[in-house]
Structures are given as structure tokens and as C-alpha cells.
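One letter stands for each residue in the lines below.
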Amino acid sequence: MIKSEVRAPVVVTDRLELWLPRPSDEAEMFAIVSHPETGRFLGPTTVRAEHVTRFQRGAGSWFLWGYGFFMVRLRGQHEVIGNCGVFRSYRGLGEDMDDKPEAGWIFAAGHVGKGYATEAMRAVLDWFDAEHGSQEIMCMIAPENAPSLGVARKLGFAPTRLATLPDGDEVQLLRREAAISVERN
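Heads up: these notes are all about the structure in this document. Treat the numbers as computed from the prediction; the structure is a model and nothing was measured. (Residues numbered from 1 in each chain as written. Predicted model: local features only at pLDDT ≥ 70, side-chain atom pairs only at ≥ 80, totals over all residues. Heavy atoms only, no water.)

**A short note on the overall build of the chain**
- For the chain, the helix and strand inventory stands at 5 helices and 8 strands.
- Walking the chain from its N terminus toward its C terminus, one meets helices and strands in the order β-β-α-α-α-β-β-β-α-β-α-β-β.
- Burial statistics for the chain: of 185 residues in total, 46% are counted as buried.
- Restricting the contact set of the chain to residue pairs at least 6 apart, pairs at least 24 apart contribute 59%. (Helix = DSSP H or I, 4+ residues; strand = E, 2+ residues; numbered from the N terminus. Buried < 20%, exposed > 50% of the residue type's maximum accessible area, 1.4 Å probe, protein only. Contact = heavy atoms within 4.5 Å.)

Following this line, the structure appears as C-alpha cells:
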């Protein structure tokens, strides 16, 4: 029998609890990403099979790399309000993006604009740097997604270039250099 171990951190902030994804979280996350307001910047997420593949790919990053996305809820609550983290992916966008740690965050429409993404990602980046060492991390955001671009800026990500995804959508690639100080206001 093969037994693998994934270190399962739980990250707690002033307002949030973050944990590794569980199979039971998939349906709640599908409801979040298939909401028109949330899904408008995410590509085709209304097809359940595509969502499950994304969810499992993200969860699998923990097994392969020791980091991945966390599920997020308000402290003391049970409802999933989003996910965020640093994971490993290969998107076919070039050496400056592919096969590098990638940051991302998705929050339910009713929880956007409250600072949750910034709070959660600051905690995740602090955890990541402590566990894996400070290193370059990439992210990609739709150019018209001003709120996420603002979160990225607060986290120390800077734009590098525009790229086109296989489905034809354009995204802004951003980079956080190693050992960067994160803005705290």
C-alpha cells in the first residue's frame, strides 16, 4: 500500500479560517464560481465537469508540491465563501508564467469588497514564504477585473505583460518578486 502525507495547515486570520479542500467543498465552490457576478472573469465555469477538473487540479497541487489553494470561511461559520492560495499549474503561456508558483483567489459575490481576499492572501503568502522560502510567484487576472488587480497590487504583484489564453481571453500576468515586503494598509 502506498501512503502519502500532505501537511495540512489551517490558517486563521482575524476574520477568516482557511483549510485544505475536501470533497464536500466542491459543490459549494461550484455554486460560487457559477454565479454570474463571480464567474464573469473566470472563463467557462458553469459546466460542472470543467469545474470538478479545476477543483481536483488545484487540490492535487498539495500532493505534488506541498502547497495549493485553501478553502475560506468566516471564523466560526461553516459556509464556504471562496478559495485562495498558491498552487502549481502549467498554462502554456511561456517561461515567465508556466511551471511556477501561481497565486489566485475567488470569493463569492456577496463577500467581495470587504477585504477578505487581501486578508486571506496575506496570510497565505506569509505561510508560503515560511514553509517554502520567499520566491517568485505569478498570477493572472482579467484586465477589466479592477478589484482583483487592486488586491494583487496590495500583495506586491506587479504587471509584466498581457497574454492570451487558449480560449482567446486576454489576461494580465503579474509577478511578485522573492523577498518582497507586502503593503499592510
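**Regarding the packing of aromatic side chains**
- Applying the stated criterion across every chain, the model contains 5 aromatic pairs.
- Measuring from ring centre to ring centre gives 4.9 Å for tyrosine 67 and phenylalanine 128, while their planes differ by 85°; the resulting arrangement is edge-to-face. One end of the pair, tyrosine 67, is in the loop between helix H3 (48-65) and strand S3 (69-74); the other, phenylalanine 128, is in helix H4 (residues 116-132), and 61 residues separate them in sequence. In this pair, the class of tyrosine 67 matches that of phenylalanine 128, namely buried. (Phe/Tyr/Trp six-rings, centres within 6.5 Å; stacked < 30°, edge-to-face > 60°.)

**Here's the deal with the pattern of salt bridges**
- Enumeration over the complete set of coordinates arrives at 11 salt bridges.
- With a closest N to O distance of 2.8 Å, arginine 48 and glutamate 26 form a salt bridge. With arginine 48 in helix H3 and glutamate 26 in helix H1 (residues 25-33), the pair connects residues that are 22 residues apart, well separated along the chain.
- Under the relative-accessibility criterion, glutamate 26 is labelled buried at 12%.
- The residue aspartate 99 makes a salt bridge to arginine 88 at a minimum N-O spacing of 3.4 Å. With aspartate 99 in the loop between strand S4 (82-88) and strand S5 (101-107) and arginine 88 in strand S4, this residue pair connects regions lying 11 residues apart in the sequence.
- Take aspartate 99: its relative accessible area is 42%, and that puts it in the partly exposed class.
- Among the charged side chains, a network of salt bridges with common partners joins Lys100, Glu136, Arg175 and Glu177. (Salt bridge = Lys/Arg side-chain N within 4 Å of Asp/Glu carboxyl O.)

**Observations regarding a negative patch on the surface**
- On the surface, a cluster of negative charge is made up of Glu144, Asp167, Asp169 and Glu170.
- Take glutamate 144: it is sitting in the loop between strand S6 (137-141) and helix H5 (146-154).
- The exposure class assigned to glutamate 144 is exposed, which follows from its relative accessible area of 55%. (Patch = residues over 30% accessible without salt bridge, like charges linked within 9 Å, V, L, I, M, F, W, Y side chains within 5 Å. Areas by Shrake-Rupley, 256 points an atom, 1.4 Å probe, with all protein chains shown as cover. Lys, Arg positive; Asp, Glu negative; His and termini not counted. Charge placed at Lys NZ, Arg CZ, Asp CG, Glu CD.)

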